[in-house]
Structure formats: structure tokens, C-alpha cells
Amino acid sequence: MKTLKKVLCLVLALVMVVGTLAVAAFADDDALAAFTDADKAGTHKTAVEVNVNLGTIAGKSSTELGLDENLTRAQAATIIARLMLGDTRAKQLKAESDPFDDVKADAWYAGYVSFAADKGILLGVGNGNFEPNNNLTGAAFAKMLIQALGYGWKEDKDKNIVGVYGGSTWAFDVEDDARALGLLANLADVTVFNGDITRAQAMEMLFNALKVDNTVPHGTSDALQPQGYNKAYTIDEVKGSTD
């Protein structure tokens, strides 16, 4: 975890570049034309369009986005990898060996799971398992996004970068920080946070994350202090991720 701060710089750069270009500019009706269930986006349409264009999330197939389906742990790991590395780089991720007993190295999501777990953003569930097909709550996904943005970390006494969320109150702490960062905008229903999150809702939360200015503090707690910024992405690279 000592090198985590350097890795997090990648996503800080992506978010700042996208913010500079005005994220909504990536919204494009044509991006959803191929999907037969695009009408299920509802109030999340702009968020869905932006994320499809950026490549931060892909369809369940060439014709379906699966917007009303629940987000799985494997899908969430994929989103985090694409958010932090960009779509092109994320596709190059491979698992050299089975990252978990229930995640084989040749599974389509193995590289993404290995990446998210290695960065401490989405860990296993114990006994060597990851449960890739299990659903994810809104609270768990918000935690992942907060930490992918470079928040939700602190230095321990040995100068290691460690997560700040733990114990019985972790979900409440995440909710407070998610609201401070604006991640729950257009997600008014409290069940989004406490219950399983759908893919459409996840795209909205991800869209909100892309708009966060993560070069500045958003509060006084350790969790809301930025972990640094390095412009690793160019505007052309961000545009290229929509191809």
C-alpha cells in the first residue's frame, strides 16, 4: 500500500481533465442508439451516455446495457479499473494466476478484480473468495469511488497509506463523505445507498464522481483530504477512450 498514492494520481488526472472539458459534453444520444434497453435510463440518461462514451462502463452485450440489473462485484471492479486507468489501459490488465479461489485467471474480469484488490479498493470476502457475481450495495460502491478518487485514505504510524473506513459505522461514514463529495446527486432514494445498486444508479454515482474536484479538501477529516495530483492523461487520451 506504500505506493498507492502514486497509483491514485492516475484517476485524479482523469477526473480533472474530464471536469475541464465539462463532463456533460460527452453525452451523446448516438452512444445509446445500439442498445434496446436505453429507455430504462430514465433520469440517469446523461450519466449513462457519458459513461458509455468514456468507456468507463460497457453493455452487458452489444444490444443491452442491463440498466435495471444489479451491479455485481466483478462489474464494480471493472468500473474502478477503467476509471483509474482509462478503457484502453484497463483492457490490458491480466491475472498471472487465480487472484481468488473463485476467480480463475482466465475469467474475463480476473485482471480487473486483481487490480482493484491489489489497490485495496475492493477486497475479498474471506476464505480466499471474492464472490464476483454477488450484488454490491450503494454504500460499498460509494466507498470504492471515494477511494478511487484519492479520498478515504490516511497514513498510519509506519507511513503506509491505509483506508479510513472500518468498524460498525463504516457505511455511515461513507455516506457522510459521499454526500460531501456530491456522489449521491440525482440519487435521492435512500435505498440506493442501503440496498443493492443497479447498473443505472451506479452510472449516476460514477458520473458524479467524474465531476468531483479532487485536488482540494472537501472537509476537515482525514477521509476528505486529496492525495495529490499528476496530469497523467491528456485531453486526446480522454477523448480517445470514447472510441
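The rules we used
Residues numbered from 1 in each chain as written. Predicted model: local features only at pLDDT ≥ 70, side-chain atom pairs only at ≥ 80, totals over all residues. Heavy atoms only, no water. Helix = DSSP H or I, 4+ residues; strand = E, 2+ residues; numbered from the N terminus. Contact = heavy atoms within 4.5 Å. Core = buried A, V, L, I, M, F, W, Y, C linked by side-chain atoms within 4.5 Å. Buried < 20%, exposed > 50% of the residue type's maximum accessible area, 1.4 Å probe, protein only. Phe/Tyr/Trp six-rings, centres within 6.5 Å; stacked < 30°, edge-to-face > 60°.

**Overview of the environment of Ala185**
And then number 1: Turning to its location among the elements, Ala185 is positioned in the loop between α7 (170–181) and α8 (191–194).
And then number 2: Along the chain, Ala185 and Phe207 lie 22 residues apart, while their C-alpha atoms are 9.6 Å from each other.
And then number 3: Contact partners of Ala185, with chain neighbours within four places excluded, come to Glu204 and Asn208.

**Considering the side chain of Glu175**
And then number 1: With respect to the helices and strands, the residue Glu175 is situated in helix α7.
And then number 2: Residue contacts for Glu175: discarding those within four places in its chain leaves Leu184 and Phe193.

**Looking at the nonpolar core**
And then number 1: Of all hydrophobic cores here, the largest spans 72 residues; its most connected members are Phe141, Leu145, Leu183 and Met205.
And then number 2: Mapped onto this core, the elements with two or more residues apiece are α2 (45–54), α3 (73–85), α5 (110–118), α6 (138–148), α7, α8 and α9 (199–210).
And then number 3: Take this core: its biggest share by element is 9 residues, from α3.
And then number 4: Filtering out sequence-adjacent residues up to four positions away, Met205 remains in contact with Gly138, Phe141, Ala142, Leu145, Leu183, Leu184, Leu187 and Ile197.

**Remarks on the packing of aromatic side chains**
And then number 1: The full count for this structure, using the stated rule, is 3 aromatic pairs.
And then number 2: Look at Phe100 and Phe130: their rings are 5.1 Å apart centre to centre, the planes differ by 35 degrees, and that puts the pair in the tilted class. A residue pair is termed long-range when its members are at least 10 positions apart, and Phe100 in the loop between α4 (87–90) and α5 and Phe130 in the loop between α5 and α6 qualify at 30 residues.
And then number 3: Given the relative accessible area of 15%, Phe100 is considered buried.

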